[in-house]
Amino acid sequence: MTYYSLNKKAKDTSFKEAVIQGLAPDKGLYFPKTITALPAEFYSNIDQYSNEEIAFEAIKQFVTPDIPENELKRIITDTFSFDFPIINFNTNLSTLELFHGPTLAFKDVGARFMARCLAYFNRESTEEITVLVATSGDTGSAVANGFLGVKGVQVVILYPSGKVSAIQEKQLTTLGQNITALEIDGVFDDCQDMVKRAFLDTEITNTLQLTSANSINVARWLPQLFYYLFAYKALYKTYKNIVFSVPSGNFGNICAGMMAQQLGLPVSHFIAANNANDSVSNYLKTKTFSLKPSVQTISNAMDVGNPSNFVRVQEIYHQDFDKLKQNLSAFSFTDEDTKQGIKELYTTYNYIADPHGAVGYLACKDYLKLHPDAHCVFLETAHPTKFLNVVEEVIGIPQELPPQIKSVLSKTKIATKIGNYNAFKTFLLSP
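All figures in this text were calculated on a predicted structure; none of them were measured in a lab. (Residues numbered from 1 in each chain as written. Predicted model: local features only at pLDDT ≥ 70, side-chain atom pairs only at ≥ 80, totals over all residues. Heavy atoms only, no water.)

1. Observations regarding the overall build of the protein chain
Move 1: A count of helices and strands for the protein chain gives 20 helices and 14 strands.
Move 2: For 431 residues, the compact-globule estimate of 2.2 N^0.38 gives 22 Å, and the C-alpha radius of gyration of the protein chain, at 20 Å, lies within 12% of that figure.
Move 3: Principal-axis analysis of the C-alpha atoms gives the protein chain an extent of 60 × 50 × 45 Å.
Move 4: Taking the intrachain contacts of the protein chain between residues at least 6 apart in sequence as the baseline, contacts between residues at least 24 apart amount to 76%. (Helix = DSSP H or I, 4+ residues; strand = E, 2+ residues; numbered from the N terminus. Rg over C-alpha atoms; globule rule 2.2 N^0.38 Å. Contact = heavy atoms within 4.5 Å.)

2. Some remarks on the nonpolar core
Move 1: Ranked by internal contacts, the top residues of the largest apolar core, which has 124 residues, are Phe-15, Phe-147, Leu-225, Tyr-227, Phe-244 and Phe-424.
Move 2: Looking at which element gives the most residues to this core, the answer is helix α5 (residues 107-121), with nine residues.
Move 3: Sequence-distant contacts of Phe-147, defined by excluding residues within four places in its chain, comprise Ala-111, Met-114, Ala-115, Leu-118, Val-131, Val-153, Val-155, Asn-178, Ile-179 and Ala-213.
Move 4: One finds Phe-89, Leu-93, Met-302 and Leu-368 within the second-largest nonpolar core, a separate group that totals 22 residues. (Core = buried A, V, L, I, M, F, W, Y, C linked by side-chain atoms within 4.5 Å. Buried < 20%, exposed > 50% of the residue type's maximum accessible area, 1.4 Å probe, protein only.)

3. Quick look at empty space enclosed by the protein
Move 1: Throughout the structure, instances matching the rule amount to four cavities of 30 Å³ or more.
Move 2: The computed volume of the largest cavity comes to approximately 240 Å³.
Move 3: Lining the largest cavity are 24 residues; nearest its centre among them are Phe-106, Lys-107, Gly-249, Asn-250 and Ala-301.
Move 4: Per element, the largest residue contribution to the lining of the largest cavity is three residues, and it comes from helix α12 (residues 252-262).
Move 5: Classifying every residue of the lining of the largest cavity gives nine nonpolar, 13 polar and two charged. (1 Å grid on protein atoms, 1.4 Å probe; cavity = no way out; pocket = protein on both sides within 12 Å on 5 of 7 lines; lining within 4 Å. Points joined across faces, edges and corners; volume = space filled by probe spheres on them. Nonpolar A, V, L, I, M, F, W, Y, C, P; charged D, E, K, R; others polar.)

4. A short note on the sheet that holds strand β1 (residues 2-5)
Move 1: One open sheet accounts for three strands, arranged β2-β1-β3; its pairing is antiparallel. Single-partner strands in this sheet number two, and they are β2 (13-14) and β3 (30-32). (Pairing = 2+ DSSP bridges.)

5. Some points on the UniProt feature "domain: Tryptophan synthase beta chain-like PALP" (unreviewed entry) in the protein chain
Move 1: Within this structure's numbering, the places UniProt gives as "domain: Tryptophan synthase beta chain-like PALP" (unreviewed entry) are residues 97-379.
Move 2: Along residues 97-379 the backbone is 45% helical and 17% strand, and the end-to-end C-alpha distance reaches 6 Å. (UniProt positions renumbered as here; feature names shortened; annotations may be inferred.)

6. Describing the UniProt feature "domain: Threonine synthase N-terminal" (unreviewed entry) in the protein chain
Move 1: UniProt annotation of "domain: Threonine synthase N-terminal" (unreviewed entry) refers to residues 3-80 when read in the numbering used here.
Move 2: Secondary structure content for residues 3-80 is 46% helix and 10% strand, and the end C-alpha separation is 26 Å.

7. Some remarks on the pairing of strand β10 (residues 242-247)
Two faces make up the sheet, and in a regular strand the side chains alternate between them.
Move 1: Where burial is concerned, most of β10 is hidden: six out of the six residues are buried.
Move 2: Along β10, one buried face is formed by Ile-242, Phe-244 and Val-246 and the opposite face, lined by Val-243, Ser-245 and Pro-247, is buried too.
Move 3: As judged from the four bridges shared by β10 and strand β13 (residues 375-380), these two strands associate in the parallel manner. Along β13, the bridge assignment pairs Ser-245 with Phe-378.
Move 4: Bridge analysis of β10 against strand β11 (residues 269-274) gives five bridges, and the strand direction is parallel. Paired with Pro-247 across the two strands is Ala-273, which belongs to β11.
Move 5: Traced from β10 through α12 to β11, the parallel crossover comes out right-handed. (Right-handed = clockwise from strand over helix to strand, strands pointing away.)

The structure is reproduced here in structure tokens:
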């Protein structure tokens, strides 16, 4: 597969180089040159395939020949050490649980897949790669866990001080080994801007081989299309008009779902479920993309004012606003709305959701008012106990912590405080 930069000023490249570089030399995001849909028969018989077989058929055109098919199968098997259950509430509503991985968040899939791809590419190299990742919560812990102990890879995680949950912070600051956490004085957008600026800084790039483990990296972004296929496999014999409601921050997850649709997945529509960070919701209303500083919310993984992956979404629809709007709706909700969503799910369905899943649920409700014949699947992207204070406050019942969280609570946080870009640069270049 050949990849091109969305800034259109860099040479086309291979999957391997796209993964290692993260961003193109012109600082554009990479996008596959071609997308070949899978045969209709694949979808009509999808329940005959295992999840590993489905993932292999979906991703191989984007990865081979840089990774041989047998090696790709091994990477996929290693990536899927957990389940992706669908919980059905009624004829119109289901949730897809994506929090059964090692860090209890949907980002475990992309982080584990990318780490294994990078380990394969770096298997015989003596050069060290530095992975930079900005996180508003779950990305950091997923990347830290996925890359822990990978040979020849150093991971540097930037997170906004005081703006991730206590459990999220523990998950990304306590691993040690090749994982370093930087506590940034600012918001997520400041972390993301520092990462992007480092890629533009020749004093850094002439010294370090940088790549990114945010969803700007094709190996982090593309594997997220897997679980849309898995959900379809579980639902297609019962429901025909399937719609996905995706809690959306940097828009990598929903963009991956749209890539699954480009592969022929028979999905009717996508919903971007936003919190108060509503740049895309406003864009779909006004046709004008106005960036705003990110706002802190209780669904912090979506606290993104400038969603990097939205340019990929636009590319899928060839910059055609009307085509995009036919396939994408967006709704935004306040923290109070979100708490009400958590409460409704608990009192109506005896289901405990995290704040991100609750936003996805609320978006389903609004969409179903206009499209009552749809079956709406909201993505539950993180385990509710990762947001323990919010969830327990709303439902009024103490929650049992899963083993993955209990194991980190007693560990000591190790993080370096960084106040600005110059301090970040000095840290990266220090021996």
